[in-house]
Protein chains: 2
Amino acid sequence: MHIVSLAGGIGGARFLRGLRATAPDAQITVIGNTGDDITLFGLRVCPDLDTVMYTLGGGIDEEQGWGRAKESHAVKEELAAYGVEPQWFGLGDRDFATHIVRSQMLEAGYSLSQITEALCARWQPGVRLLPMSDERCETHVVISDERGRRAIHFQEWWVRLRASIPAESIALVGVETAKPAPGVLEAIAEADVVILPPSNPVVSIGTILQVPGIRDALLAKTVVGVSPIIGGAPVRGMADACLTAIGVETSAQAVLDLYGAELIDGWLVAEEDSGVTLDGVTVAARPLIMHDADATADIARAALDLALELAR
Amino acid sequence: MHIVSLAGGIGGARFLRGLRATAPDAQITVIGNTGDDITLFGLRVCPDLDTVMYTLGGGIDEEQGWGRAKESHAVKEELAAYGVEPQWFGLGDRDFATHIVRSQMLEAGYSLSQITEALCARWQPGVRLLPMSDERCETHVVISDERGRRAIHFQEWWVRLRASIPAESIALVGVETAKPAPGVLEAIAEADVVILPPSNPVVSIGTILQVPGIRDALLAKTVVGVSPIIGGAPVRGMADACLTAIGVETSAQAVLDLYGAELIDGWLVAEEDSGVTLDGVTVAARPLIMHDADATADIARAALDLALELAR
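Below, the structure is looked at part by part. (Residues numbered from 1 in each chain as written. Chains lettered and ligands numbered in written order. Predicted model: local features only at pLDDT ≥ 70, side-chain atom pairs only at ≥ 80, totals over all residues. Heavy atoms only, no water.)

### Looking at the overall build of chain A
Put simply, the test is: Comment: elements are numbered from the N terminus, with helices defined as DSSP H or I runs of at least four residues and strands as E runs of at least two. We compute the radius of gyration from the C-alpha atoms alone; for a globule the expected value is 2.2 Å times N to the 0.38, where N is the number of residues. For every residue, the accessible area (1.4 Å probe, protein chains only) is compared with the maximum for its type, and the residue is labelled buried under 20%, exposed over 50%, or partly exposed between those bounds. By definition in these notes, contact holds between two residues if any of their heavy atoms fall within 4.5 Å. Throughout, the Shrake-Rupley method with a 1.4 Å probe supplies accessible areas, and for residues the shown protein chains are the sole cover considered. The charged-residue count follows a simple rule in which Lys and Arg add positive charge and Asp and Glu add negative charge, with His and chain termini not counted at all. For charged residues, the charge sits on one atom: NZ in Lys, CZ in Arg, CG in Asp, CD in Glu.
When you go through chain A residue by residue, the secondary structure sums to 12 helices and 14 strands. Against the compact-globule benchmark of 20 Å for 312 residues, chain A has a radius of gyration of 19 Å, which places it among compact chains. Projected onto its principal axes, the C-alpha positions of chain A cover 60 × 45 × 40 Å. Within the span of chain A, comprising 312 residues, buried residues form 59% of the whole. Within chain A, contacts between residues separated by at least 24 positions form 68% of all contacts whose residues are at least 6 apart in sequence. As presented, chain A carries roughly 12200 Å² of accessible surface, and 48% of it is formed by carbon and sulfur atoms. Distance between charge centres in chain A, computed from 24 positive and 42 negative side chains, equals 4 Å.

### Topic: the environment of Ala171 of chain A
Residue and element names in this part refer to chain A. Note on placement: Ala171 falls in strand β8 (residues 169–173). Accessibility expressed as a relative area gives 38% for Ala171, which makes it partly exposed. Put simply, Ala171 and Glu190 are 19 residues apart on the chain and 30 Å apart in space, counted from C-alpha to C-alpha. Setting aside residues up to four positions removed in sequence, Ala171 forms contacts with Glu138, Thr139 and His140.

### Re unusual backbone geometry
All names here are of chain A. For the bond running from Glu85 to Pro86, omega is -5 degrees, close enough to zero to count as cis. Its place among the elements puts Pro86 in the loop between α3 (74–81) and α4 (93–107). At Lys70, a position not held by glycine, the phi torsion is positive, near 50 degrees. Relative to the helices and strands, Lys70 is located in the loop between α2 (47–57) and α3. Phi at Arg162 takes a positive value of approximately 50 degrees, unusual for a residue other than glycine. Tracing the backbone through its elements, the reader meets Arg162 in the loop between α6 (154–160) and β8. Residue classification places Arg162 among the exposed residues on the basis of a relative accessible area of 54%.

### Some thoughts on the relation of the copies chain B and chain A
Here is the rule we go by: In this comparison the copies share one frame, found by least squares on the C-alpha atoms of residues holding pLDDT of at least 70 in both.
Rotating chain B by 180 degrees and moving it 0.0 Å along the rotation axis overlays it on chain A with an RMSD of 0.0 Å. Here the two chains are linked by the operation of a two-fold rotation axis. Taking the C-alpha atom as reference, chain B places Asp93 of chain B closest to the rotation axis, 3.5 Å from it. Interface residue correspondence from chain B to chain A reaches 100%, placing this contact among same-surface, isologous pairings.

### So, the pattern of salt bridges
Basically, it comes down to this: Any Lys or Arg side-chain nitrogen located within 4 Å of an Asp or Glu carboxyl oxygen qualifies as a salt bridge.
In the structure shown here, the tally under the stated rule is 26 salt bridges over all chains. The closest approach of N and O atoms between Asp50 of chain A and Arg102 of chain A, which form a salt bridge, is 2.5 Å. Placement of Asp50 of chain A in helix α2 and of Arg102 of chain A in helix α4 is noted, with a sequence separation of 52 residues between them. Where Glu168 of chain B meets Arg149 of chain B, a salt bridge forms, and the shortest distance between an N and an O atom there is 2.6 Å. Residue Glu168 of chain B is found in the loop between α6 (154–160) and β8 (169–173), and its partner Arg149 of chain B is found in strand β7 (residues 148–153); the two are separated by 19 residues along the sequence.

### Description of the interface of chain B and chain A
Here is the rule: By buried area we mean how much accessible surface two parts lose on assembly, using a 1.4 Å probe and totalling the loss over both. What qualifies as a polar contact is a pair of N or O atoms within 3.5 Å, subject to a donor-acceptor requirement within protein and to the restriction that residues adjacent in sequence count only when both atoms come from side chains. Charged means Asp, Glu, Lys or Arg here, nonpolar means Ala, Val, Leu, Ile, Met, Phe, Trp, Tyr, Cys or Pro, and polar covers whatever is left, Gly included.
Taken residue by residue, the interface counts 26 residues in chain B and 26 residues in chain A. Of all residues in chain B, Glu78, Tyr82 and Arg122 of chain B bury the most surface against chain A, accounting for 31% of the area lost on that side. The tally of links from chain B across to chain A stands at six salt bridges. With its nearest N and O atoms 2.8 Å apart, the salt bridge here joins Glu78 of chain B to Arg94 of chain A. Run the count over chain B and chain A and you get 10 residue pairs in polar contact (both at pLDDT 80 or more). Listed by contribution, the elements that provide at least two residues to the side of chain B that touches chain A are α2 (47–57), α3 (74–81), α4 (93–107) and α5 (112–123) of chain B. If one sorts the elements of the side of chain B that touches chain A by residue count, α4 of chain B sits on top with eight residues. Residues belonging to the side of chain B that touches chain A are distributed by class as follows: 16 nonpolar, four polar and six charged.

### Concerning the packing of aromatic side chains
In plain terms, the rule: For Phe, Tyr and Trp, where Trp contributes only its six-membered ring, two rings pair if their centres lie within 6.5 Å, and the inter-plane angle classes them as stacked under 30 degrees, edge-to-face over 60, or tilted in between. Two conditions define a charge sitting above a ring: the NZ of Lys or the CZ of Arg must be within 6 Å of the ring centre, and it must be within 35 degrees of the ring normal.
One pass over the structure, following the stated rule, counts 14 aromatic pairs over all chains. On the basis of an interplanar angle of 65 degrees and a centroid distance of 5.4 Å, the ring pair of Tyr54 of chain A and Trp123 of chain A is categorised as edge-to-face. One end of the pair, Tyr54 of chain A, is in helix α2; the other, Trp123 of chain A, is in helix α5 (residues 112–123), with 69 residues separating them in the sequence. Here Tyr54 of chain A and Trp123 of chain A have matching classes, each one buried. Here the aromatic rings of Trp88 of chain A and Phe89 of chain A are separated by 6.0 Å at their centres, their planes lie at 70 degrees, and the arrangement is edge-to-face. Among the residues examined, Phe89 of chain A registers a relative accessible area of 10% and is labelled buried. Geometry around Tyr82 of chain B places Arg122 of chain A over its ring, the cationic atom sitting 4.6 Å from the centre.

### Looking at the sheet that holds β7 of chain B
Residue and element names in this part refer to chain B. For clarity, the cut-off: One requirement defines pairing of two strands: DSSP has to find at least two bridges between them. All axes are obtained by fitting lines to C-alpha atoms, using only the stretch in contact for helices, and the reported angles, taken between N-to-C directions, cover 0 to 180 degrees.
Spatial strand order, β7-β6-β8: three strands in an open sheet with antiparallel pairing. Each edge of the open sheet is held by one strand with a lone partner, namely β7 and β8. Between one strand axis and the next, the sheet turns through 30 degrees on average, direction left out of account. When strand β6 (residues 138–145) meets β7, the two strands line up antiparallel, connected through six bridges. Pairing of Asp145 across the sheet is with Gly148, part of β7.

### Focus: the packing of α3 of chain A against α4 of chain B
Stated precisely, the cut-off is as follows: Angle categories are assigned with fixed cut-offs, so that under 35 degrees is roughly parallel, over 145 is roughly antiparallel, 65 to 115 is roughly perpendicular, and the rest are oblique. Crossings are sorted by hand: turned counterclockwise from the far helix by less than a right angle, the near helix makes the crossing left-handed, and turned clockwise it makes it right-handed.
Direction vectors running N to C along α3 of chain A and α4 of chain B enclose 50 degrees, while the axes themselves pass 8 Å from each other. Between α3 of chain A and α4 of chain B, the angle falls in the class oblique. As α3 of chain A runs across α4 of chain B, the sense of the crossing is right-handed. The residues of α4 of chain B that touch α3 of chain A, namely those facing Ala74, Val75, Glu77, Glu78 and Leu79 of chain A, are Asp93, Arg94, Phe96, Ala97, Ile100 and Val101 of chain B. Of the residues in the contact of α3 of chain A with α4 of chain B, the class split is seven nonpolar, no polar and four charged.

### Quick look at the sheet that holds strand β9 (residues 193–196) of chain B
All names here are of chain B. Strands sit in the order β5-β2-β1-β9-β10-β13-β14 across an open sheet of seven strands; the sheet is parallel. Unpaired on one side and paired on the other, β5 (128–131) and β14 (282–285) mark the two borders of the sheet. The sheet shows a mean angle of 20 degrees between the axes of neighbouring strands, direction not considered. Where strand β13 (residues 266–269) meets β14, four bridges bridge the pair, whose relative direction is parallel. Each bridged residue has a counterpart across the sheet, and for Gly266 the counterpart in β14 is Thr282. Together, β1 (2–7), β2 (27–32) and β5 form the strand contacts of α2, whose direction differs from that of β5 by roughly 175 degrees.

Structure (C-alpha cells):
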C-alpha cells in the first residue's frame with residue numbers, strides 16, 4: 001500500500017508518526033510544506049521539513065514540538081552578542097548543524113529534495129520525505145503597523161509577532177513559477193490513498209496545494225482529511241489567524257468548504273462537529289485530540305480506514 | 001606612538017597582549033596572517049585573525065591558546081553525525097557563530113577587512129586588526145603519501161597530519177594578484193616602529209611578507225623581530241617543519257638570515273643564542289620564554305625599546 005500525505009510542522013509530524021505506527025508496512029510519501037522556509041544568518045532553514053524529519057527520526061524536542069531534543073543555544077547567544085538580527089528565531093546548536101549542512105549542499109548545487117534525502121539518510125524517518133518544490137517560494141504576510149502597510153516573511157509574523165497583528169493577506173511568493181519537486185507527482189499518481197493531516201489549512205496544506213500541478217494530481221485520488229479545527233478552535237497553533245486572513249471562518253465546516261468536494265472524499269471531524277456536511281463528501285465524527293501516541297495512531301487509523309473504504 | 005606588528009596565531013596573539021600591556025598609550029596596528037584561512041562547511045574560517053581577536057578581547061581558551069573559552073561542541077558533533085567532512089578541525093559552538101557572521105557578511109559583499117572591523121567592534125581588542133589582504137590567498141603544502149604527490153591545504157597538513165609528513169614545498173596560492181588590505185600600507189607608512197612577534201617565520205610572518213607591497217613598505221621602517229627559535233627549537237608549534245620545507249635550518253641565526261638585514265634592524269634572541277650576528281642588524285639576547293603575562297610584557301618592552309633606540 002502506498003499512502004501519500006501532505007504535511008506542515010508539529011501537528012502534521014505527530015499525525016504522521018501515528019500513521020506510520022498504524023500502517024507499519026505501508027509505503028508513505030510525505031510532501032512537506034516549504035513555504036515557511038527562511039534564510040537566517042545566511043543559512044537556509046526549512047522548519048516544516050525538519051520538524052517532520054526530527055519527529056519521525058526520534059530527534060525532536062517532544063515537549064516543544066519543534067527543534068532538537070537536549071538542545072543548547074551557544075551559537076544563538078553568540079550571534080546576539082555580535083548584535084546580529086534576527087534574534088527572535090530560536091535556533092539551537094544541534095539544529096544549526098542541519099542548516100549548515102543544507103546550506104553547504106545548496107551552495108554546491110544540490111536541490112532541496114536531494115538534500116532532504118541526504119539528511120534523512122541519517123534520521124531514517126521511515127517515510128519518504130519530499131519538499132513540495134525545489135524552487136524557493138516563501139509565504140509572506142501583509143500587515144499594517146506603525147511602519148505602515150507592508151509585507152513581512154511568514155516567520156516574522158508567526159514567530160516574532162505571534163500573529164498578534166491581523167494578516168490582511170497571505171501570499172506565496174514565487175509559487176507561479178514553482179514546479180513540484182521530483183517524485184511528488186509520481187508519488188501521487190501511484191498512491192492508493194491520500195491523507196491530509198490536521199495541519200494548517202492555509203499556510204501548510206493550502207501552500208502545498210498552490211504549487212502548480214499538485215492539486216490537479218490529487219483530484220484523481222481518494223483524499224481523506226482530518227479537520228484541524230475542533231469546535232471552532234484550532235487543534236494547535238494559530239490557524240484561526242490564518243483563516244481569518246483569507247476570509248474563512250474557523251470551523252470544521254468552513255475548512256472543508258475551503259478544500260472543496262472536488263478535492264476531498266472523506267472528512268474526519270471531532271464529535272462536537274458531527275453536523276458538518278458537504279455534498280459528495282463522507283463525513284465521520286470521532287475523537288480527534290492527539291493526546292498521546294496511541295490516540296494519534298487511532299485517528300490516523302480512522303482516516304486510513306475511511307480512505308481505503310472510499311477507494312474501494 | 002604608532003606601532004605596527006605582523007602576527008600569526010597563538011604566539012603572535014600572546015606577544016601582542018604583552019605589547020599592549022607595556023605600551024598602553026601606543027596606537028597598535030596588527031597586520032594579521034590570512035594564509036591559514038579555510039572554508040569549512042561553507043563557512044569562512046580565519047584562525048589567526050580570530051586568535052588575535054579572541055586573545056586580545058578576552059574570549060580565548062587560555063589553556064588551548066585558540067578557540068573560545070567555555071566552549072561546547074554540539075554543532076561539530078551533529079555535523080559528524082551527518083557524516084560531513086572534515087571532522088579533524090575542532091570548531092566549537094561559540095566559534096561557529098563568528099564564522100557564521102563572517103560568511104553572511106562576505107555573501108552580502110563586505111570585504112574581510114570590513115568584517116574584521118565589525119567583529120572587533122564586539123571584542124574591543126585594543127589594537128586595530130587588519131587582515132594582510134582582502135583577497136583570498138591560501139597556504140598549500142605539497143606532500144607525498146600513499147595517494148601520491150599532491151597539494152593539500154595548510155590546515156590539513158598542520159591540524160590533521162600534525163605536520164607528520166614532510167612538506168616538500170609550501171605555496172601561498174593567489175598571492176601574486178593579492179593586494180594589501182585597505183589601511184595596511186598606510187599604517188606601515190605612519191608607523192614609528194615595526195615589531196615582528198615570535199610567530200612562524202614561514203607560514204605566518206613569511207606569508208604576510210609575500211603580499212605584494214608589504215615587504216617593500218617595511219624596508220623603509222625600523223623593524224625589530226623576536227626570534228621564534230630558541231636554542232634550535234621553536235618557541236611553540238611546529239615551525240621547524242615549515243623551515244625544513246623551505247630549506248632553512250631551525251635556528252635563530254637562520255631565521256634572521258631568512259628575513260635578511262635589508263628588512264631587519266634589530267633582532268632579539270634568547271640568551272643561549274647570543275652568538276647570532278648579521279651585518280647591519282643589532283642583536284640583543286635576553287630571556288624569551290613567554291611564561292606568563294609579565295614575562296611576555298617584558299619581552300615586548302625589550303623589543304619596543306630596541307626599536308625605539310634604533311629608530312632614533
